Amino acid sequence: MPFALIATLSMLVVLGIMVLVHEAGHFLTAKLCGVRVEVFSVGFGKRILGFRRGDTDYRLSLLPLGGYVKMAGESPTEEATGDPGEFASHPRWQRILIGLSGPTSNFLLAFLLMTGLYMMHNEVDQYMRGPAVIDFVPQNSAAARAGLAAGDRIVQYDRDRNPSWQQIGVRTGLDGNATIPVTVARFSNGAPQQTTVELPLTSGVKAENPDLEALGLEPRIQQRPLTIHELTPDYPLAKAGVQKGDLLLAL
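Residues numbered from 1 in each chain as written. Predicted model: local features only at pLDDT ≥ 70, side-chain atom pairs only at ≥ 80, totals over all residues. Heavy atoms only, no water.

**What about the nonpolar core?**
If you look at the biggest cluster of nonpolar residues, it comprises 21 residues, and the most contacted ones within it are I154, Y157, W165, V182, L199 and L217. Among the secondary structure elements, those contributing two or more residues to this core are helix 4 (142–146), strand 4 (153–157), helix 5 (165–174), strand 6 (179–188), strand 7 (191–200) and helix 6 (212–215). Not counting residues within four places of it along the chain, the set of residues in contact with I154 comprises A132, I134, N162, P163, W165, I168, V182, T183 and V184. Grouped together as the second largest cluster of nonpolar side chains are ten residues, C33, F40, V69 and M71 included. (Core = buried A, V, L, I, M, F, W, Y, C linked by side-chain atoms within 4.5 Å. Buried < 20%, exposed > 50% of the residue type's maximum accessible area, 1.4 Å probe, protein only. Helix = DSSP H or I, 4+ residues; strand = E, 2+ residues; numbered from the N terminus. Contact = heavy atoms within 4.5 Å.)

Structure follows, in structure tokens:
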């Protein structure tokens, strides 16, 4: 299926759900306030099928793009009759509440969907939340020119102390096109020491998607020796004599 068609259909589904939830908010609040709802339609246009319960016609209409709610006396062009079921007959605070219930329903939908998503599935690589140790520094990168080296542990990145790689990514996006102080802990002549350098964030940094690798900040992903669990026959690693269960100490 062409991408443009998929994107269009996806947009229509999302837009339809948003409109339907929005109108459902108006509908439920109007019912609670005693406003007579004449029509609650899923979709627009010609009525296809439906049923009536009480004063409301619940219908499915031809164009499946959300829906609408028709309340008695809601249109400014309608002449008010004083019927207590009409929208205009209700106190101002109730009319305001009915008006606000639509966007509030959309907000609650977004909040519940995102909460449910992150409760069910939110995988973050372990190294992203651990100490920010540099695995290696490419030549001619901003990190190399600043004096950072493989094995350095970042203990301060701008104003963030003992940051994780996740925090460094966020801070890099916020500080794009600036030069920031970076303090690292390293071993020199067998003794630990701290060194502060100035790191320019002027290349490869986009606020919405900061690229740490473009700066020369390559995270150390594997903190322990890597165990070979599977090998594909006839691939270079297997041909080199590596076996299942070996520990990969260096590459």
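**Examining the side chain of S41**
As for its placement among the helices and strands, S41 is situated in strand 1 (residues 37–53). Of the residues examined, S41 reaches a relative accessible area of 0% and is grouped as buried. A polar atom in the side chain of S41 sits 2.7 Å from the backbone oxygen of G43. In terms of polar contacts, S41 uses its side chain to reach the side chain of S61, at 2.7 Å. Residues contacting S41, with those up to four places away along its chain left out, are R59, S61, G66, G67 and Y68. (Polar contact = N/O pair within 3.5 Å; in protein donor to acceptor, adjacent residues only side chain to side chain.)

**So, helix 2 (residues 92–120)**
The first and last C-alpha atoms of helix 2 sit 42 Å apart over 29 residues, in line with the 42 Å expected at 1.5 Å per residue. At S101, helix 2 is deflected by roughly 35 degrees, the largest bend along its length, and proline P103 occurs up to four residues later in sequence. Every buried residue belonging to helix 2 is among Q94, I98, S101, G102 and S105, and all of these are buried. Buried-residue contacts for helix 2 involve helix 1 (3–33) and strand 2 (56–71). (Expected span 1.5 Å × (residues − 1). Bend = angle between axes of the 7 residues up to and from the residue.)

**Brief notes about a nonpolar patch on the surface**
Taken together, L5, L9, M11, L12, V42, F44, I48, L49, L60, L62, L63 and L65 make up a surface patch of nonpolar side chains, about 1000 Å² in accessible area. Elements that contribute at least two residues to the nonpolar patch include exactly helix 1, strand 1 and strand 2. (Patch = residues over 30% accessible without salt bridge, like charges linked within 9 Å, V, L, I, M, F, W, Y side chains within 5 Å. Areas by Shrake-Rupley, 256 points an atom, 1.4 Å probe, with all protein chains shown as cover. Salt bridge = Lys/Arg side-chain N within 4 Å of Asp/Glu carboxyl O.)

**Some words on the packing of helix 1 against helix 2**
The geometry of helix 1 relative to helix 2 is characterised by a closest axis approach of 8 Å and an angle of 145 degrees between their N-to-C directions. The element helix 1 and its partner helix 2 pack so that their crossing is right-handed. Judged by residue contacts, I17, M18, V21, H22, G25, H26, T29, A30 and C33 of helix 1 engage Q94, L97, I98, G99, S101, G102, P103, S105, N106 and L109 from helix 2. Each residue belonging to the contact of helix 1 with helix 2 can be placed in one class, and the counts come to nine nonpolar, ten polar and no charged. (Axes fitted to C-alpha atoms, helices over the stretch in contact; angles between N-to-C directions. Left-handed = near helix turned anticlockwise from the far one by under 90°. Nonpolar A, V, L, I, M, F, W, Y, C, P; charged D, E, K, R; others polar.)

**Things to note about the packing of aromatic side chains**
Within the structure shown, the criterion is met by five aromatic pairs. Geometrically, the ring pair formed by F27 and F40 is tilted, given 4.8 Å between the ring centres and 40 degrees between the ring planes. Of this pair, F27 sits in helix 1 while F40 is found in strand 1, placing the two residues 13 residues apart along the sequence. In this structure F27 comes out as buried when scored by relative accessible area, which is 9%. Residue class for F40 comes out buried when judged on its relative accessible area of 14%. (Phe/Tyr/Trp six-rings, centres within 6.5 Å; stacked < 30°, edge-to-face > 60°.)

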